[in-house]
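Observations on the model geometry
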Amino acid sequence: MNIAQAHDLLEQYKPEEVHYFYDPTTKLKAIIVIHSTALGPATGGTRFFSYPQWELALEDALRLAQAMSYKNALAELPFGGGKAVILGDPKRDKHPKLLRAYARLIHQFNGRFTTGEDVGIGPEDLREMMQETRFLAGAQGITHDLSQVTAHGVLHGLRAAFQSVLGSDAPQGRTIAVQGAGKVGYHLIRLLTEAGARVTVSDVDARALERVRREFGAQVVEPNAIYALECDAFAPCALGGIINDQTIPLLNCKIVAGSANNQLKEPRHGDRLHEFDILYAPDYVINAGGLIAGVQDLIGGSLERALKDTEKIYDRLLKIFEISRREGLAPHRVADRIAEERLCKRQ
Ligand code: NAD
C-alpha cells in the first residue's frame, strides 16, 4: 500500500485520530484508532494478531473502530468508537513487559480511549495491564464471563424476532439451530433450553458438542448440515461471513439472529435475506450485551444493571423490524441509518 492508498482508507472510514506506536524496548507495535467521540470517549477492545502486512492491521483497526461507533450508538451508550491492534503473534510475542508498556500508552489517553478484551487479549492480560492503568473495561470484575451477558442479549433479540415474525415472543416450543457451542453458544443453549425451546447445534469441537448434549440434551449435527435445518431461527454463534451466496439458498428458517460478528459476508447478503423473507437481527445490535457489561464494569456499575440494560435489545430490535417492514428496507440498513443519524446529530 502506498501513501495515497492509505489516505483513501482514511477517507473511507473518516476516523478522528489514528496513532501508530513502536516501543524499541519491548518491541511493542500497536495502532490505536479513535473513530468517533461524538457520543462520548471512544471505547473498543484490543486485538493481538499476527497480520501478514501492517496495512491489513490498519484496515482492520479502522473497520473495527467504525463498527464500535455504530454499536455504541445503537446500544445508546455514552461512548464513541475506537479499536486497537497489537501487531504480532500473541503466542510468541505477548509478555508482561509488553502488556505493561501498552497499558502505559492507554493511560496517556486519560480516558479518551478505553479498551478491553478481543481476539488474543484475555482477562489475565487485562489484570496485568491494570497495574499501569484503570482505563480498562472488564478488569474490575463485575463478571468473569461477559459472554453470558451477550447470550442474555441474544435470547432477548430472538424473542423480539419471534414476536415480529410469529406473533408471540415465547421461546417455548420454538426450534433453533445454533452454530457454535463456545462461550456465547453454550450460555445461549442453556437459556433457550431452560425456556423450553428445542435446540440443534453444530461445532467443529467435539468436546464443546458433547458438553451441550450431556448438560442440555441438545441435538447435534455436522457443521455443514446446520444451514439447511428446518427451524424457526438460525443463531450463528461462531464465525463471521457465514451469510453468503453459498449458504443463503440453503437456509430453511424464518429468522437469522445470533452473536457472531460480521455475519453478512457483504451488506448485499442482508438485502437477499430480506428478499427471501428471512428476518435478520443486525449482529451489532443483538450481540451488544458483552459491550454493555464492559461499560458497566468501566463506570463502576453492577452485573444486575448490565443485564437489565441488555434486555433493552428486545425493544431496539422490535423498532428496527417495524421500520424495516414499513419502509421495505432490510433491517441491517435501518440499523446503520439509525447509528449514522445519532453520530451526525452530535457532531
Ligand atoms: P468462542 O471461540 O468461545 O466460540 C466459538 C465456537 O465456534 C467454538 O466452540 C468453535 O469450535 C466453534 N466453531 C468454529 N468453527 C466452526 C464451524 N465451522 N462450525 C461450527 N462451529 C464452529 O467464541 P465466543 O466468544 O462464543 O463468540 C462467538 C461469536 O460471537 C464470535 O463471532 C464473536 O466475535 C461473537 N461475539 C462474542 C461476544 C462475547 O461476549 N464473547 C460478544 C459479541 C460478539
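This one's a predicted model, so the numbers in the text were calculated from it and none came from an experiment.

Some remarks on the nonpolar core
Of all hydrophobic cores here, the largest spans 57 residues; its most connected members are Val 178, Leu 188, Ile 189, Leu 192 and Leu 317. Here this core takes seven residues from helix H6 (residues 146–166), the largest share from any one element. Those residues in contact with Val 178 that sit more than four places away from it in its chain are Gly 185, Leu 188, Ile 189, Leu 192, Val 199, Thr 200, Val 201, Ser 202, Ile 226, Ala 235 and Cys 237. Counting residues in hydrophobic clusters, the runner-up holds 23 residues, among them Leu 98, Leu 99, Phe 109 and Ile 121.

Brief notes about the packing of helix H7 (residues 183–194) against helix H8 (residues 206–216)
Viewed as axis vectors pointing N to C, H7 and H8 meet at an angle of 20°, and their least axial separation amounts to 11 Å. When the axes of H7 and H8 are compared, the pair comes out roughly parallel. Where H7 crosses over H8, the two elements pack in a sense that is right-handed. Of H8, the residues touching H7 (which contributes Tyr 186, Ile 189, Arg 190 and Thr 193) are Arg 211, Val 212, Glu 215 and Phe 216. Here the contact of H7 with H8 is composed, by residue class, of four nonpolar, one polar and three charged.

Some words on the environment of Leu 307
Secondary-structure assignment places Leu 307 in helix H12 (residues 303–310). Look at Leu 307 and you get partly exposed, because its relative accessible area is 25%. With sequence-adjacent residues up to four places away left out, Leu 307 is seen in contact with Val 149 and His 152.

Observations regarding helix H13 (residues 313–327)
Along its 15 residues, H13 runs 21 Å from first to last C-alpha, staying within 8% of the 21 Å computed at 1.5 Å per residue. Inspection of H13 places Ile 313, Tyr 314, Arg 316, Leu 317, Ile 320, Phe 321, Ile 323 and Ser 324 among the buried residues, and these make up the whole buried set. Where H13 ends, the next residue or the one after it, Gly 328, has phi of about 65°, a positive value.

Notes on the packing of aromatic side chains
According to the stated counting rule, one finds six aromatic pairs in the structure shown. Seen from their ring centres, Phe 49 and Tyr 51 are 5.0 Å apart, and the 75° between their planes marks the pair as edge-to-face. Using a relative accessible area of 39% as the deciding quantity, one classes Phe 49 as partly exposed. Between the aromatic rings of Tyr 186 and Phe 216, the centroid separation amounts to 5.3 Å while the plane-to-plane angle is 55°, which identifies the pairing as tilted. Note that Tyr 186 is positioned in helix H7 and Phe 216 in helix H8, a separation of 30 residues in sequence. Taking NZ or CZ as reference, Arg 174 lies 5.7 Å from the ring centre of Phe 162, over its face. Looking at Arg 211, its charged tip hangs above the ring of Tyr 186, at a distance of 3.8 Å from the centre.

Some points on the domain arrangement of the protein chain
Taken domain by domain, the protein chain holds domain 1 (3–67 + 79–129) and domain 2 (146–345). Just the C-alpha atoms count here: the centres of domain 1 and domain 2 sit 27 Å apart. Taken together, the six residues of domain 1 in the interface contact six residues of domain 2. Of the roughly 600 Å² buried between domain 1 and domain 2 on both sides combined, carbon and sulfur atoms contribute 76%.

Some remarks on the site of the ligand
As a matter of local geometry, the ligand sits amid 18 residues, with Thr 150, Val 184, Asp 203, Ser 259 and Asn 261 nearest to it. Between the ligand and Asp 203 there is a distance of 2.6 Å, counted from an oxygen atom to a side-chain nitrogen or oxygen. Ala 238 is positioned such that a nitrogen or oxygen atom in its backbone is 3.0 Å from an oxygen atom of the ligand. With the chains in place, 73% of the 830 Å² that the ligand exposes on its own is no longer accessible. Here the residues of the shell around the ligand sort into six nonpolar, nine polar and three charged.

So, the pattern of salt bridges
Taken as a whole, this structure holds 27 salt bridges when the rule is applied. For Glu 194, the salt bridge goes to Arg 190, with nearest N and O atoms at 3.7 Å. Linking Glu 194 with Arg 190, this pair stays in helix H7, spanning four residues, or about one helical turn. One salt bridge connects Glu 210 with Arg 213, and the closest N-O pair in it is separated by 2.9 Å. Remark: Arg 213 and Glu 210 occur in helix H8; sequence separation between them is three residues, near one turn of the helix. Since its relative accessible area comes to 31%, Glu 210 is described here as partly exposed. The structure contains a network of salt bridges with shared partners spanning Arg 47, Asp 60, Arg 63, Lys 83 and Asp 118.

Conventions and cut-offs
Residues numbered from 1 in each chain as written. Predicted model: local features only at pLDDT ≥ 70, side-chain atom pairs only at ≥ 80, totals over all residues. Heavy atoms only, no water. Core = buried A, V, L, I, M, F, W, Y, C linked by side-chain atoms within 4.5 Å. Buried < 20%, exposed > 50% of the residue type's maximum accessible area, 1.4 Å probe, protein only. Helix = DSSP H or I, 4+ residues; strand = E, 2+ residues; numbered from the N terminus. Contact = heavy atoms within 4.5 Å. Axes fitted to C-alpha atoms, helices over the stretch in contact; angles between N-to-C directions. Parallel < 35°, antiparallel > 145°, perpendicular 65-115°, else oblique. Left-handed = near helix turned anticlockwise from the far one by under 90°. Nonpolar A, V, L, I, M, F, W, Y, C, P; charged D, E, K, R; others polar. Expected span 1.5 Å × (residues − 1). Phe/Tyr/Trp six-rings, centres within 6.5 Å; stacked < 30°, edge-to-face > 60°. Lys NZ or Arg CZ within 6 Å of the ring centre and 35° of its normal. Domains from an automatic or database assignment. Buried area = accessible area lost by both parts, 1.4 Å probe. Near = heavy atom within 4 Å. Polar contact = N/O pair within 3.5 Å; in protein donor to acceptor, adjacent residues only side chain to side chain. Areas by Shrake-Rupley, 256 points an atom, 1.4 Å probe, with all protein chains shown as cover. Salt bridge = Lys/Arg side-chain N within 4 Å of Asp/Glu carboxyl O.

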